[in-house]
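# Architecture at a glance
Residue-level listing of the chains:
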Amino acid sequence: MDFIDGEVSPLSVLTGALAIGASMGYLFLKGSKKEARGFDEHRGESVLTAEERRKALKHRGWGYDDTKFSFNDDGEIYLTGKRYPFSGLRFPHFRPWMEKKVGLSVEDTSFVKAEKPTPKSPVLNKSFLEAIKGKYDCCTMDDDERMFHGHGHTCQELFKLRYENLERVPDAVVYPRSHHDVEAIVKAANEHNICIIPFGGGTSVSDALECPVDEQRMIISLDMQRMNKILWVNKDRMTARIEAGIIGQDLIRELESQGLTMGHEPDSVEFSSLGGWVATRASGMKKNVYGNIEDIVVGIKMVTSVGTVEKSCEVPRISTGPDVYQMVMGSEGTLGVVTEVTVKVRPLPESRVYGSIAFPDFESGVAALKDIWRNKTAPASIRLVDNEQFQFGHALKGPVASRMKAVADKLVKLYITKVKGFDTEKMCAATLLFEGDKETVARQQKNVYSIAAKYGGLKAGAENGFRGYFLTYMSVILTCVRTGCRKLIFSLLGLHT
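Given the structure is predicted, the values throughout are model-derived calculations rather than measurements.

The N-to-C vectors of helix H14 (residues 362–374) and helix H17 (residues 438–454) enclose an angle of 140°; their axes lie 9 Å apart at closest approach. Compared by their axis directions, H14 and H17 come out oblique. The two elements H14 and H17 meet at a crossing, and its hand is right-handed. Note on element contacts: H17 touches H14 through Val448, Ile451, Ala452 and Lys454, opposite Ala368, Asp371 and Ile372.

In this section: the packing of aromatic side chains. One pass over the structure, following the stated rule, counts 10 aromatic pairs. Where phenylalanine 69 meets phenylalanine 91, the ring centres are 6.3 Å apart and the plane angle is 75°; that geometry is what we call edge-to-face. Of this pair, phenylalanine 69 sits in strand S5 (residues 69–71) while phenylalanine 91 sits in strand S7 (residues 90–91), and the two are 22 residues apart along the sequence. The exposure classification of phenylalanine 69 matches that of phenylalanine 91, with both residues buried. One aromatic cluster in this structure is built from Phe69, Phe91, Phe94, Trp97 and Phe392.

For the rest of this paragraph, the subject is helix H8 (residues 179–192). Over its 14 residues, H8 extends 20 Å from the first C-alpha to the last, a length consistent with the 20 Å expected when each residue adds 1.5 Å. When we look at burial in H8, the residues that qualify are His179, Asp181, Val182, Ile185, Val186, Ala188 and Ala189. Trailing H8 by a residue or two, asparagine 193 shows a phi angle of about 60°, which is positive.

With that out of the way, let us pick up the sheet that holds strand S15 (residues 297–304). Judged by pairing direction, the sheet is antiparallel, and its five strands sit side by side in the order S12-S13-S17-S15-S16 without closing on themselves. Where the open sheet ends on each side, the last strands, each with one partner, are strand S12 (230–234) and strand S16 (307–309). Averaged over all neighbouring strand pairs, the angle between strand axes comes to 10°, with direction disregarded. Two elements, strand S13 (residues 239–243) and strand S17 (residues 337–344), share five bridges in a ladder whose sense is antiparallel. Considered in S17, the bridge of isoleucine 242 is made with valine 341. Taken strand by strand, H8 contacts S15, S16 and S17, and its axis lies near 35° from that of S15.

The next thing to look at is the nonpolar core. Met262, Val278, Ile300 and Val343 are the most contacted members of the largest nonpolar core, which has 27 residues in total. In contact with isoleucine 300, other than residues within four places in its own chain, are Val278, Val309, Glu310, Tyr325, Val328, Met329, Val338 and Glu340. The next biggest cluster of nonpolar side chains, apart from the first, holds 18 residues, and it includes Ala172, Ile185, Val186 and Met227.

About the thresholds
- Residues numbered from 1 in each chain as written.
- Predicted model: local features only at pLDDT ≥ 70, side-chain atom pairs only at ≥ 80, totals over all residues.
- Heavy atoms only, no water.
- Axes fitted to C-alpha atoms, helices over the stretch in contact; angles between N-to-C directions.
- Helix = DSSP H or I, 4+ residues; strand = E, 2+ residues; numbered from the N terminus.
- Parallel < 35°, antiparallel > 145°, perpendicular 65-115°, else oblique.
- Left-handed = near helix turned anticlockwise from the far one by under 90°.
- Contact = heavy atoms within 4.5 Å.
- Phe/Tyr/Trp six-rings, centres within 6.5 Å; stacked < 30°, edge-to-face > 60°.
- Buried < 20%, exposed > 50% of the residue type's maximum accessible area, 1.4 Å probe, protein only.
- Expected span 1.5 Å × (residues − 1).
- Pairing = 2+ DSSP bridges.
- Core = buried A, V, L, I, M, F, W, Y, C linked by side-chain atoms within 4.5 Å.

See below:
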């Protein structure tokens, strides 16, 4: 957590809250069984195309336009829209917690500009536009498209969209259909002195999509989302060749339909692309089992200003070096445009189990996690949250389903605080996700809970583990602006009175 003059920074809490409208649906609860699936399966709707997704997204914030926090007639915060299982759900504890802990007030309403920001007239290079005709699915100079492609999702960029304007945005947005289209476009850009900024899902938090203010040449945003096919899957080698523009949730769904998984789930999986994962050297929630993106990638095809880079041999490891792929990963689009990626795939895990552990304090939790790591028994995902995050998670609980559930919750709290002596102002929790064959999962659970008990850890159940894993998805990667402006916070949260 960040602190300002000894107080909890509102925007450090905001990192968790901002994405509730974005990643709400990646995990869902089906009866008492906890499962992980693609969004379309529980929504019962057709999968969004690239065009439909683009139109449905917020212009000046994260996530879908129909999903935001609002107040009901009783003054309680709830989630709007019908897109996710939690849409329409009340959060009776959220407003009191935000007012007490963060100091927010409903009187501090948003002062966001009513009118949408508009870009300056585009700089057009007619000879370049003529040269790329027929080499794309779409080329547009539409103002909304240019604004959408001119920023990522740092708080600084969102602030400009809401209260100021973007000084420089792409002059055109081009949607290639294939690797050959990208080669032709890059070649023409070289010949006509044009700037290219590759665009995947637009979830960048490193200013990689920001256009230089003083750039006089034409800038095009090369949107890869229509290059979204799985080209082939080799179940003998357990690899797959995939176009770089595919969005994470779509890739997961399509691989699952073949009984396979990459196992890569960054927090932004609902909106980020495979090419973006490569370009940012992304890490995933389940890296303990599947590794980070650099451990999963076998091959990369990238178009550069001097030609296409690709190894002729695609195997998990080569003894010679230096490895050009290691330079490509994390290059943020500065070296070229990633068009296709070969990745390792695995069979879907036989068993998937959520769990959680309550610790008396953060220090005990850290010591337990170190011991679990030393004993090489870490599950697919294990995350320790401090007391502030722990309380934040409880603030986002929905209404109690029944009187019996309310009584049960009180008894659990009494047991933890009175019998076990936990201090609610110090205790923290670890969320767990075990994946693998049944025997491995059972062994890991036994080892993890046994080690945790040595440090005062209490088994806290699968439901809390599910909720905790879900809350981590809500924590979208954002660069926080150090400011105490309450109006800005309410605006970014999407709260309306």
